[in-house]
Amino acid sequence: MDSPTETPIMRETRKAATIAFARVFIGVFWLFEVTVGHNWKIGGFGSGVNPGWLGSGAGDAVQENIDQAVDDGTWHWVALLYENVIAEGATIFSYAVVILQVAFGLCFILGFLVRPVALIALTMDLSILFLGNSRIPPFFVAAHLLLLYTGAGRFHGLDGRIMARVQSMRGRGASAIRWLIDLPLLVSARAQSVVMAGAALAAIYFFLQMPMRETTRMNLVAMELAFLFALVAAGFYLGRRATDRLSVVAALLRVFIGVKLLHEIWVRIDPGVNALPGWAGEEAQREVFETVVANHWQPFSWVVDNLFLPSTAFWIVVFGIVQVGVGVLLVLGLWTRAAAGVGLVYLGGLSVLGMTRYAPFVFGLLVVVLALDSGRTLSLDAQRIGQRPPRYGLPIPRRAIPVLAALAAVNAVAATIAVVGSGGIAPDGYTESMGQMTTAMVAIFSALFALAGWLQLRDERGQPSLIGDTSVGDPSVPASSATDAPPPPGGTMAPAGGPAAGPAPGGRSEPVG
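Residues numbered from 1 in each chain as written. Predicted model: local features only at pLDDT ≥ 70, side-chain atom pairs only at ≥ 80, totals over all residues. Heavy atoms only, no water.

With that out of the way, let us pick up the overall build of the protein chain. When helices and strands are counted, the protein chain shows 20 helices and two strands. Put simply, 69% of the contacts in the protein chain that link residues at least 6 apart link residues at least 24 apart. (Helix = DSSP H or I, 4+ residues; strand = E, 2+ residues; numbered from the N terminus. Contact = heavy atoms within 4.5 Å.)

In this section: the nonpolar core. In terms of nonpolar packing, the biggest core is built from 118 residues, with Trp75, Phe108, Phe256, Ile257, Leu347, Leu365 and Phe449 touching the most fellow members. Among the elements that take part in this core, helix α16 (residues 359-371) stands out by supplying eleven residues, more than any other. For Leu365, the residues in contact, after removing those within four places along its chain, are Phe25, Phe139, Ala142, Ala143, Leu253, Phe256 and Ile257. (Core = buried A, V, L, I, M, F, W, Y, C linked by side-chain atoms within 4.5 Å. Buried < 20%, exposed > 50% of the residue type's maximum accessible area, 1.4 Å probe, protein only.)

On to the packing of helix α4 (residues 90-110) against helix α5 (residues 114-130), then. In contact at an axis separation of 10 Å, α4 and α5 are set at 135° when each is read in the N-to-C sense. In terms of orientation, α4 lies oblique with respect to α5. Crossing handedness for the pair α4 and α5: left-handed. Every residue of α5 that contacts α4 at Val97, Leu100, Gln101, Phe104, Cys107 and Phe108 is listed here: Val114, Val117, Ala118, Ile120, Ala121, Met124 and Ile128. Within the contact of α4 with α5, the residues separate by chemical class into twelve nonpolar, one polar and no charged. (Axes fitted to C-alpha atoms, helices over the stretch in contact; angles between N-to-C directions. Parallel < 35°, antiparallel > 145°, perpendicular 65-115°, else oblique. Left-handed = near helix turned anticlockwise from the far one by under 90°. Nonpolar A, V, L, I, M, F, W, Y, C, P; charged D, E, K, R; others polar.)

For the rest of this paragraph, the subject is the packing of aromatic side chains. Counted by the stated rule, this structure contains 29 aromatic pairs. Between the aromatic rings of Phe21 and Phe449, the centroid separation amounts to 5.7 Å while the plane-to-plane angle is 20°, which identifies the pairing as stacked. Of the two residues, Phe21 sits in helix α1 (residues 8-35) while Phe449 sits in helix α19 (residues 434-460), which places them 428 residues apart along the sequence. Taken individually, Phe21 and Phe449 each receive the classification buried, so the pair is uniform in this respect. Their ring planes at 5° and their centres at 5.9 Å tell us that Phe206 and Phe229 sit as a pair that is stacked. Placement of the pair is Phe206 in helix α9 (residues 189-209) and Phe229 in helix α10 (residues 216-239), with a sequence separation of 23 residues. What makes Phe229 partly exposed here is its relative accessible area of 23%. Across the ring face of Tyr358, the terminal group of Arg135 is positioned such that the distance to the ring centre comes to 5.7 Å. (Phe/Tyr/Trp six-rings, centres within 6.5 Å; stacked < 30°, edge-to-face > 60°. Lys NZ or Arg CZ within 6 Å of the ring centre and 35° of its normal.)

Below, the discussion takes up the packing of helix α15 (residues 336-352) against α16. How two helices sit against one another is set out by the angle between their axes and by the gap between those axes. At a closest axis distance of 9 Å, the pairing of α15 and α16 adopts a crossing angle of 155°. The pairing of α15 with α16 is recorded here as roughly antiparallel in orientation. Relative to α16, α15 is oriented so that their crossing is left-handed. Listed contacts from α16 to Arg337, Ala340, Gly343, Leu344, Leu347, Gly348, Leu350 and Ser351 of α15 are Ala359, Pro360, Val362, Phe363, Leu366, Val367 and Leu370. Across the contact of α15 with α16, the residue classes break down as eleven nonpolar, three polar and one charged.

Attention now goes to the pattern of salt bridges. Summed over the entire model, instances satisfying the criterion amount to 13 salt bridges. With a closest N to O distance of 2.8 Å, Arg388 and Asp373 form a salt bridge. Of this pair, Arg388 sits in the loop between α17 (381-385) and α18 (400-422) while Asp373 sits in the loop between α16 and α17; the two residues are 15 residues apart in sequence, bridging distant segments of the chain. The network of salt bridges with shared partners includes Asp244, Arg337, Asp373, Arg376 and Arg388. (Salt bridge = Lys/Arg side-chain N within 4 Å of Asp/Glu carboxyl O.)

Our focus in this paragraph is α9. Spanning 21 residues, α9 covers 30 Å between terminal C-alpha atoms, matching the ideal 30 Å at 1.5 Å per step. Every buried residue of α9 is accounted for by Ala191, Gln192, Met196, Ala199, Ala202, Ala203, Phe206 and Gln209. Seen end-on, α9 carries its buried residues on one side only, within an arc spanning 155°. More than 90 degrees from the buried face of α9, the exposed residues found are Arg190, Val194, Leu201 and Leu208. Contacts from the buried residues of α9 go to α3 (76-86), α5 and α10. (Expected span 1.5 Å × (residues − 1). Arc of directions from axis to C-beta.)

A separate point is a negative patch on the surface. Side chains of Asp60, Glu64, Asp67, Asp71 and Glu83 sit close together on the surface and give a patch of like negative charge. Broken down by element, the negative patch gets its largest block of residues, four residues, from helix α2 (residues 60-71). (Patch = residues over 30% accessible without salt bridge, like charges linked within 9 Å, V, L, I, M, F, W, Y side chains within 5 Å. Areas by Shrake-Rupley, 256 points an atom, 1.4 Å probe, with all protein chains shown as cover. Lys, Arg positive; Asp, Glu negative; His and termini not counted. Charge placed at Lys NZ, Arg CZ, Asp CG, Glu CD.)

Of note in the backbone geometry, Leu113 takes a positive phi value of approximately 50° without being a glycine. Backbone geometry at Leu378 places phi at a positive 55°, although glycine is not the residue there. Positionally, Leu378 belongs in the loop between α16 and α17. The class for Leu378 is partly exposed, based on a relative accessible area of 38%.

Mapped onto the elements of the fold, Thr312 is located in helix α14 (residues 312-332). Filtering out sequence-adjacent residues up to four positions away, Thr312 remains in contact with Glu282, Gln285, Arg286 and Phe289.

A cluster of nonpolar side chains, contributed by Leu119, Trp179, Leu180, Leu185 and Leu186, occupies part of the molecular surface with about 420 Å² of accessible area. Mapped onto the secondary structure, Trp179 falls in helix α8 (residues 172-182). Using a relative accessible area of 42% as the deciding quantity, one classes Trp179 as partly exposed.

Turning our eyes to something else, we now look at the environment of Ala234. Within the secondary structure, Ala234 is located in helix α10. Ala234 sits 15 residues away from Val249 along the chain, and the two C-alpha atoms are 9.6 Å apart. The residues touching Ala234, leaving out its near neighbours within four places in the chain, are Gly239 and Leu252.

The subject of this paragraph is the environment of Phe256. For Phe256, the position within the fold is in helix α11 (residues 245-266). Separated by 114 residues in the primary sequence, Phe256 and Ala142 have C-alpha atoms spaced 8.0 Å apart. Not counting the four nearest positions on each side in its chain, Phe256 is found in contact with Pro138, Phe139, Ala142, Phe227, Leu228, Leu231 and Leu365.

Right, let's get into the confidence of the model for the protein chain. Here the protein chain averages 86 in pLDDT, and 87% of its residues register 70 or above. Counting contacts from residues 464-513, a segment whose pLDDT is below 50, to residues more than four positions away or on other chains yields 139 contacts. (pLDDT = per-residue confidence, 0-100.)

See the structure below:
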């Protein structure tokens with residue numbers, strides 16, 4: 001039964017706002033990464049461009065990455081591709097990578113051609129993984145899979161507006177536009193079975209390859225690839241048997257985040273400002289705190305100097321208990337919402353303290369895990385939850401929206417002043433520009449929460465969305481293949497990837513199980 005304060009329309013609009021949050025979040029982080037992040041290229045905020053990617057030295061970074069990957073023992077068939085194709089055109093590929101990564105960010109933020117762009121981005125994710133980079137790329141993979149599955153451009157995005165215009169149009173042009181936005185490549189059961197089997201075999205292959213790699217760096221890559229392909233195979237298998245396929249995707253994202261939290265304390269045990277607190281010795285964690293004290297803004301450095309440094313051993317235990325506890329609970333799907341809430345407080349605190357490389361990625365996707373109510377499937381919570389309606393969305397009160405917007409503006413202004421005063425943000429400057437990086441992260445997430453809250457409130461009041469439609473449903477087959485007719489009065493079309501829908505009580509369109 002629905003609660004008296006939550007209607008089906010409220011749930012659907014909160015789901016739409018959550019998917020829009022995820023889309024904009026990963027778009028913003030693509031732009032952050034390409035400007036001042038660890039793998040920066042075009043630079044920004046006074047830094048100038050990366051000479052290894054653009055200008056007279058374009059192609060140098062590509063060649064260096066290839067040489068490093070070959071030296072580290074990447075797969076022979078990958079090395080052949082890198083050395084005989086990509087290295088031969090290193091300058092061209094250098095510019096292509098920069099253009100594509102900027103395009104990823106802009107397209108995701110605007111919600112334009114999200115499905116085809118996400119598919120291209122996944123291809124780039126794999127190429128980056130094979131180079132030996134296994135820490136951040138898996139988060140991009142998880143996010144791109146989510147955007148690809150949901151057709152996230154249909155939720156408050158330009159894809160939604162475009163589809164609303166061409167949905168009832170006839171002709172090859174309109175059909176081509178609908179096909180490009182929907183990208184209905186895996187509609188048939190046979191195609192899904194082929195991909196599922198391929199992903200399962202790839203997971204087994206990379207699992208068996210782990211002990212065969214020459215370096216720890218490539219061991220970690222093999223482990224990440226085995227895990228990611230296993231999740232994809234599980235998603236196809238379970239999704240074909242589920243009536244609520246989005247709940248399966250949300251559950252797999254929950255498991256992914258849980259495993260990554262455990263990975264950062266059981267495998268990557270060394271702490272750092274570009275990592276999470278590992279399960280290392282007191283001296284290693286003390287060095288991290290001392291780095292924060294030396295580089296962060298005064299209020300934060302004072303807190304770390306007076307509250308954390310004197311009790312480093314105590315905080316190692318606290319960090320370990322919280323990180324392991326949240327990770328285990330997320331994997332099991334036990335007390336999922338509470339675990340996600342604790343995890344968000346933990347990761348948010350680490351980000352504010354200056355650990356702005358890794359923690360914000362986990363934080364952003366954990367928000368989605370919470371907002372999609374991911375404990376309803378593949379979880380120990382499932383029996384306790386029973387058949388209750390999903391609790392989509394973020395608990396953002398109406399009065400908090402202007403506060404969040406103001407917080408984003410204040411931090412954006414503060415970061416700008418700091419950048420001007422210091423001559424710019426140092427690219428990959430998670431230590432040197434710690435204060436500016438932290439302020440930028442606070443501004444980004446405050447703005448994202450304000451946006452999500454505003455979208456939830458706007459649609460619940462029955463107001464039209466800013467851009468695009470808010471049609472929601474279970475994305476499993478393309479909407480344009482379900483029907484060419486306009487949506488029924490009072491109803492909506494299913495989003496890209498959504499099934500044929502029929503009007504539910506109250507005129508709302510609901511997916512057919």
